[in-house]
Amino acid sequence: MADETVAELNERFGSGGQALEADVVAELKSIMRLHQLSVQDLFFKWESYCIKMDIDELKVAIDTLRKFKQDLQDTLERNARSHVQIKTEKRAAPTPRGAQGGDVFGMLDGLTSTPGPGRAKTGGVRRTPAVTRVKQEPQSSPIKSLSPLKLEDHLPPSSFSDRANAGDTVEVLNEHLQAADPPIAPFSEPRIKLTAASDQKKLGYKTLAMKVSEVSEILDDRIDEFMGLVMEYHKLEESAFGSAASQSTTEIVAVGRIASDSLEGKLNAASLVLETSRRMGNGLRVPLNVSRLPGFSFFPGQIVALRGVNSNGREFTIHKVLELPLLPSAASTTEVFQTHLERLRGGPDAMDSGEGPLPLNILFASGPYTADDNLDFEPLKAICNEAADTYVDALVLNGPFIDMEHPLIASGDFDLPEEASYEPDTATMATAFKYLISPHLVRLAAANPSITILLVPSVRDVLDKHVSWPQDAFPRRDLALPKAARIIGNPMTLSMNEMLMGISSQDALFELRHEEVVGGRPAQPQLLSRACQYLIEQRHFFPLFPPTDRRKLPKTGTAEGIPPGAMLDVSYLKLGEMVNVRPDVLVVPSALPPFTKVIENVLVINPGYLSKRKGAGTYAKMTLYPPKLDAPDDSTGGLHAHKIFERARVEITRI
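Since this is a predicted model, take the numbers as computed values, not measurements.

Caption draft 1: Molecular detail of the overall build of the protein chain. When helices and strands are tallied, the protein chain shows 15 helices and 26 strands. Put simply, the protein chain has 655 residues, and 54% of those count as buried. Intrachain contacts of the protein chain at a sequence separation of at least 6 include 75% that bridge at least 24 residues.

Dropping the structure here:
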């Protein structure tokens, strides 16, 4: 039995196929005995603790384990004290505490605990190519027991100029690639050519006109499309497929959508149902039995292919979850690569150093761009200064730019800069954008004429009248933007030279992390990697349906404190799909800790928010080295695979 426990601990907590050290195993066993936890429950609590403390869960160090053990003990003692106080009713004015929600697997226990005094965030090496998380400074213990997202509500606002650790690198991908030195002068012409890979005109649909009949057809067609993909990928006959709702002793393959049997509460193993298409199962829903699976991870809206049987007519027993086919990797011809290499040299007038073209430098940031207590947009000014000083090739900015959830914007109690010239009676939010946002971009374009600036709207942008997602670009009229700035849709797939980039300002990762149900030993044990893999496997920028209740999303600074949520227009969800090939780079800003990972050969970047509600945030910087053209790959039809994840250095940096 002891050997089985050690083997399971190595499987859950081991990294890179290496066995855990003896002292680490002993400490893990000690925690299990002390708190009467199974290996699975212990791992879930460890994963939650790592997210809360913003540390690398792949590196299980003895010092971190001891802090984790103390954190569990602190939580246990706090809960015991609160129960005693409630029972004796001796306190006249009890201290308010965070709500204690139910959780099947105990994954939230660690998220509501308080870090102990002097407890430092430690780091290690990730399993993705050469990822390094830089050691953080210790943080003092907050007074109340709050999650990191709720904790910010109780912190006093701090001046941006007094921010700590400005410029510190939080995480690095492909550290073996050198960070390129900035050029001594801007290039004479842009080194990036943009090519749209998705039709932005289709995003200009009429909003607030959703029909139930269209919604049902869109959801139904998605199931049937995946059924065809599964049939071709696994080389199955059509006779192998059937309805999971029909009673039969014959094993079948059922393709459908994961859903919950209740509109209330979080999805769990007992509430799992499979929604069939009208073609294969008359749209019926059938409960799922997952007892025979060694591990699983599902979320509402996920399209799955399940092999199993419905022998009693009441539930479908899953024997195996079939793998879904991925989109092919992006690839280009030799001629295309040569054209882009010539552009990287900076044009015909650029000096030839004889060492090949300089790498591309791209900055990624996401709004909000100012703290809750002002509209100075100091973080936006700081990243524009960084882009100007280092002569970066591109700056990609995700919305919201003027956030409808900003307390001053929501109340309307704010003034424009003194130098602004406008008529108060005719001023609009476009006027506010013109004098609060555009001046920083105009100065950037003047200092770095060859830069390419991309603006991606958000459903929280007060400027955009297109209020649903997928979302059209907001008009640039009256915004006084420089010519280098381009406004694109949300989501959007486009090429920067050969690099195919998918980008969406919708926070799908946080909602997937909140809504998923995990049991046993899932194929992908790491939470953040699993959330990214959902997007790639489902071929969609927002595969979750229905979206998370907006009351459960991170609070905003308005009086109500409830964000607008996903704002989905289900009739046009097909515009949120990834088309033809997997993107080389997937930019998905999220309220989760910022990170960069390689998932299924896709470089996934969460730059974090440039400004938190009461403090400074983070951004991402990519250094993309030119490709080395080898012989074309026969598997891609004689084309060269882009392999951006191998030649891109990505740094997550504090602004």
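Caption draft 2: Representation of the sheet that holds strand β21 (residues 602–606). Across the sheet, six strands lie side by side as β4-β16-β17-β19-β21-β20; this open sheet has mixed pairing. With one partner strand each, in any of the chains shown, β4 (194–196) and β20 (595–599) form the two edges of the open sheet. On average, each strand axis in the sheet is tilted by 25 degrees relative to the strand beside it, whichever way the strands run. Strands in contact with helix α14 (residues 527–538) are β19 (585–587), β20 and β21; relative to β20, the strand with the most contacts, it is inclined by about 55 degrees.

Caption draft 3: Structural detail: the confidence of the model for the protein chain. For the protein chain, per-residue confidence averages 83 on the pLDDT scale, and 84% of positions sit at 70 or higher. For the protein chain, the element scoring lowest by mean pLDDT is strand β1 (residues 125–126), at 40; β19 scores highest, at 97. A low-confidence stretch, residues 86–128 stays under pLDDT 50, and its non-local contacts, those more than four residues away or across chains, total 102 contacts. Predicted confidence for residues 134–148 stays below pLDDT 50, and this span has 38 contacts to residues more than four positions away or in other chains.

Caption draft 4: A look at the packing of helix α11 (residues 429–436) against helix α12 (residues 438–447). One can describe the packing of α11 onto α12 by two numbers: an axis separation of 4 Å at closest approach and a directional angle of 40 degrees. Here α12 runs oblique to α11, going by the angle between their axes. Contact residues: α11 offers Phe433, Lys434, Tyr435 and Leu436, while α12 offers Ser438, Pro439 and His440. Taken together, the residues that form the contact of α11 with α12 break down as four nonpolar, two polar and one charged.

Caption draft 5: Layout of the packing of helix α13 (residues 508–515) against α14. Running from N to C, α13 and α14 point in directions that differ by 110 degrees, and their axes come no closer than 9 Å. The angle between α13 and α14 places the two elements in the roughly perpendicular class. In this structure, the crossing between α13 and α14 has a hand that is right-handed. Of α14, the residues touching α13 (which contributes Ala508, Leu509, Leu512 and Arg513) are Leu527, Ala531, Cys532, Tyr534 and Leu535.

Caption draft 6: Structural view of the pattern of salt bridges. Under the definition given, this model contains 15 salt bridges. Between Glu275 and Arg285 there is a salt bridge, with the nearest N and O atoms lying 2.8 Å from each other. Residue Glu275 is found in strand β6 (residues 272–275), and its partner Arg285 is found in strand β7 (residues 285–289); the two are separated by ten residues along the sequence. Taking the shortest distance from any N to any O, the salt bridge between Lys574 and Glu577 comes out at 3.4 Å. Classification of Lys574 as partly exposed rests on a relative accessible area of 43%.

Caption draft 7: Representation of the environment of Leu236. Structurally, Leu236 can be placed in the loop between α6 (212–233) and β5 (252–260). Apart from residues lying up to four places away in sequence, Leu236 is in contact with Met231, Phe241, Val253, Arg307 and Leu322.

Caption draft 8: The side chain of Glu171, seen in detail. Along the chain, the position of Glu171 falls in strand β3 (residues 169–173). Owing to a relative accessible area of 0%, Glu171 belongs among the buried residues under this scheme.

Caption draft 9: Molecular detail of the packing of aromatic side chains. Counting across every chain of the model gives nine aromatic pairs. Taken together, the ring pairs in this structure connect Tyr369, Phe401, Phe433 and Phe474 into an aromatic cluster. For the cation-ring pair, Arg163 lies above Phe160, with the distance from its terminal atom to the ring centre recorded as 3.9 Å. The side chain of Arg191 reaches across the aromatic face of Phe187, ending 4.3 Å from its centre.

Caption draft 10: Examining the nonpolar core more closely. Ile383, Leu397, Phe433 and Ile437 are the most contacted members of the largest nonpolar core, which totals 43 residues. Those elements giving two or more residues to this core turn out to be β12 (360–366), α9 (378–389), β13 (394–398), α11, α12, β14 (452–456) and β15 (485–487). Here this core takes six residues from α9, the largest share from any one element. When sequence neighbours within four positions are dropped, the list of residues in contact with Leu397 reads Ala365, Tyr369, Leu380, Leu441, Leu454, Leu455 and Val456. One finds Phe541, Met578, Val588 and Ile599 within the second-largest nonpolar core, a separate group that totals 34 residues.

Caption draft 11: Geometry of helix α3 (residues 39–53). Given a rise of 1.5 Å per residue, 15 residues ought to cover 21 Å, and the 21 Å separating the end C-alpha atoms of α3 matches this to within 8%. Taken across its 15 residues, α3 has 14 buried, putting it largely inside the fold.

Caption draft 12: Focus on unusual backbone geometry. Looking along the chain, the bond that leaves Gly399 and enters Pro400 is cis, with omega of 10 degrees. Within the secondary structure, Pro400 sits in the loop between β13 and α10 (407–411). Omega for the peptide link from Phe545 to Pro546 comes to -5 degrees, which places this bond in the cis form. With respect to the element layout, Pro546 can be found in the loop between α14 and β19. Even without a glycine there, the phi angle at Asn497 is positive, about 55 degrees. Within the secondary structure, Asn497 sits in the loop between β16 (492–496) and β17 (499–503).

Rules and cut-offs
- Residues numbered from 1 in each chain as written.
- Predicted model: local features only at pLDDT ≥ 70, side-chain atom pairs only at ≥ 80, totals over all residues.
- Heavy atoms only, no water.
- Helix = DSSP H or I, 4+ residues; strand = E, 2+ residues; numbered from the N terminus.
- Buried < 20%, exposed > 50% of the residue type's maximum accessible area, 1.4 Å probe, protein only.
- Contact = heavy atoms within 4.5 Å.
- Pairing = 2+ DSSP bridges.
- Axes fitted to C-alpha atoms, helices over the stretch in contact; angles between N-to-C directions.
- pLDDT = per-residue confidence, 0-100.
- Parallel < 35°, antiparallel > 145°, perpendicular 65-115°, else oblique.
- Nonpolar A, V, L, I, M, F, W, Y, C, P; charged D, E, K, R; others polar.
- Left-handed = near helix turned anticlockwise from the far one by under 90°.
- Salt bridge = Lys/Arg side-chain N within 4 Å of Asp/Glu carboxyl O.
- Phe/Tyr/Trp six-rings, centres within 6.5 Å; stacked < 30°, edge-to-face > 60°.
- Lys NZ or Arg CZ within 6 Å of the ring centre and 35° of its normal.
- Core = buried A, V, L, I, M, F, W, Y, C linked by side-chain atoms within 4.5 Å.
- Expected span 1.5 Å × (residues − 1).

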